[in-house]
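Examination of the molecular architecture
Now for the letters of each chain:
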Amino acid sequence: MKGWQQYWRQFFLFGLLSLALTGCGIEELSTLKPSGPVAAMQFDLMKLSFSIMIGVFIVVMLIFTYVLIRYRKRPGQQGIPKQVEGSHTLEILWTVIPFLLLIVMAVPTVTTNFELSKAYSSEEALQVRVTSHQYWWEFEYPDLGVATAQDLVLPVGKKIQFTTTSADVKHAFWIPALGGKIDTNPGLETPLWLQADRTGIFYGKCAELCGASHALMDFKVEVMEQADFDNWIAKMKGAVETETVGATSEIAKQGEELFNQSCLGCHAVGGKGGKLGPNLTNFADRERVAGILAHTPENVAEWLKDPQKIKPGNNMPNLNLDDTQVQALVEYMETLSVED
Ligand code: CUA
């Protein structure tokens, strides 16, 4: 039987090829393509420490190779070579150089840290309260009287002051292309400010192991022009004040009735409902279901039939709905929109 030694060339080749894959990333979800000042500052720090590391690696390898060749064993050489130890010059040199390199990294790191831990007031920044739950995100705009879940909506080019906390266990709030991350802790409020410099869609992640569905705890960030954002806020407020969202068709009305009986205790729609589950006021406007599935009526039905199948360990009970009930609920939920 062949040992692994027979295959070392293949291992080596595939090892090298796997390096090529490490560069993969998409703009909406990459720290290497910063789309705001915080992400840019963090990327600068990465570039700085990486250049220093590459520099050190090259110098060490050059010296290593030189020594290997220069002091190799020559033909006819007997015994071990002359041993040298305790060179003061060398000792000082390899203490001072790393010290200086660490200073070069430490100064910008510390100043950036102070810059990033500033907390801005309502006059300076849009305030957003983030609460993490197993396994979804709640976003509230306390100054604007609006709440949403899973889809975070932000105006472009404006500082956003997040106040983060958790409803259950420790999670971490992270929008790679905009910056972060920050741990969200139950019973503690932690500030984080971010800003998006271009409109579009970004994706956020939970970055702290928080339970069975940690890896499924994604959210979407939609960055829009200030006017569009104001418009969205106005519509969301309208839905809260007039409770006009929802049911149009007969089957949707049946769905609404069922929803009011079975779901409203945990989920808010417009001005009514509970806060235990995601706010569903603009559910039909979301591109994803549960933060991870494509938003199709089939997927909504799939979720309603067995929530645990899609996100194991989440807090939504199986309501044991029959197909007609599921259909009515889906029909109703697809009318929950604040868009025209
Ligand atoms: Cu929430 Cu991981």
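Residues numbered from 1 in each chain as written. Predicted model: local features only at pLDDT ≥ 70, side-chain atom pairs only at ≥ 80, totals over all residues. Heavy atoms only, no water.

**Some points on the overall build of the protein**
Helix and strand content of the protein: eight helices and 14 strands. Scaling as 2.2 N^0.38, a compact globule of 340 residues should have a C-alpha radius of gyration of about 20 Å, whereas the protein reaches 28 Å, well beyond that. Every one of the 340 residues in the protein was classed for burial, and the buried ones make up 37%. For the protein, the exposed area adds up to about 19600 Å²; of that, 62% sits on carbon and sulfur atoms. (Helix = DSSP H or I, 4+ residues; strand = E, 2+ residues; numbered from the N terminus. Rg over C-alpha atoms; globule rule 2.2 N^0.38 Å. Buried < 20%, exposed > 50% of the residue type's maximum accessible area, 1.4 Å probe, protein only. Areas by Shrake-Rupley, 256 points an atom, 1.4 Å probe, with all protein chains shown as cover.)

**Observations regarding helix H8 (residues 323–333)**
Among the residues of H8, Val326, Ala328, Leu329, Val330, Tyr332 and Met333 are the ones counted as buried. Each element contacted by the buried residues of H8 is listed here: helix H5 (250–262), strand E11 (268–269) and helix H6 (297–305). Of the residues that open H8, the one with a side-chain oxygen 3.1 Å from the backbone nitrogen of Thr324 is Asp322. (Contact = heavy atoms within 4.5 Å. Polar contact = N/O pair within 3.5 Å; in protein donor to acceptor, adjacent residues only side chain to side chain.)

**Observations concerning the nonpolar core**
Membership of the largest hydrophobic core comes to 41 residues, with the highest contact counts inside it found for Val128, Tyr141, Leu152, Phe162, Phe173 and Trp232. Looking at this core, the element that brings in the most residues is helix H4 (residues 226–242), giving five residues. Among the nonpolar cores identified, the runner-up in size contains 22 residues, and Val300, Met316, Leu321 and Met333 belong to it. (Core = buried A, V, L, I, M, F, W, Y, C linked by side-chain atoms within 4.5 Å.)

**Some points on the side chain of Gln134**
With respect to the secondary-structure elements, Gln134 resides in the loop between strand E1 (126–133) and strand E2 (136–141). A distance of 2.9 Å separates the side chain of Gln134 from the backbone oxygen of Cys210, its partner in a polar contact. Once you skip the residues sitting within four places of it in the chain, Gln134 turns out to touch Asp168, Val169, His171, Cys210, Asn314 and Asn315.

**Considering the pattern of salt bridges**
Side chains that carry opposite charge are capable of pairing whenever their charged atoms lie near each other. Applying the stated rule across the entire model yields twelve salt bridges. Residue Lys118 is joined to Glu115 by a salt bridge in which the shortest nitrogen-to-oxygen separation is 3.3 Å. Residue Glu189 pairs with Arg129 through a salt bridge whose shortest N-O separation is 2.6 Å. Of the two residues, Glu189 sits in the loop between strand E7 (179–184) and strand E8 (190–194) while Arg129 sits in strand E1, which places them 60 residues apart along the sequence. Overall, Arg129 belongs to the partly exposed group, its relative accessible area being 27%. Among the charged side chains, a network of salt bridges with common partners joins Arg129, Glu138, Glu140, Glu189 and Lys275. (Salt bridge = Lys/Arg side-chain N within 4 Å of Asp/Glu carboxyl O.)

**Focus: the domain arrangement of the protein**
As far as domains go, the protein holds domain 1 (26–70 + 118–242) and domain 2 (245–333). With 21 residues of domain 1 at the contact, the number on the domain 2 side is 22 residues. Summed over both partners, the interface of domain 1 with domain 2 buries about 1800 Å², with 51% contributed by carbon and sulfur atoms. In this structure, the connection of domain 1 to domain 2 is made through three salt bridges. In this structure, Lys275 engages Glu140 in a salt bridge whose closest nitrogen and oxygen atoms are separated by 3.0 Å. (Domains from an automatic or database assignment. Buried area = accessible area lost by both parts, 1.4 Å probe.)

**Some words on the packing of H5 against H8**
Relative orientation and spacing of two packed helices are given, respectively, by the angle between their axes and the distance between those axes. At their nearest, the axes of H5 and H8 sit 7 Å apart, and the two run at 100 degrees to each other. The pairing of H5 with H8 is recorded here as roughly perpendicular in orientation. On H8, the residues that touch Ile251, Ala252, Gln254, Gly255, Glu256, Leu258 and Phe259 of H5 are Gln325, Gln327, Ala328, Leu329, Glu331 and Tyr332. Tallied by class, residues from the contact of H5 with H8 come to seven nonpolar, four polar and two charged. (Axes fitted to C-alpha atoms, helices over the stretch in contact; angles between N-to-C directions. Parallel < 35°, antiparallel > 145°, perpendicular 65-115°, else oblique. Nonpolar A, V, L, I, M, F, W, Y, C, P; charged D, E, K, R; others polar.)

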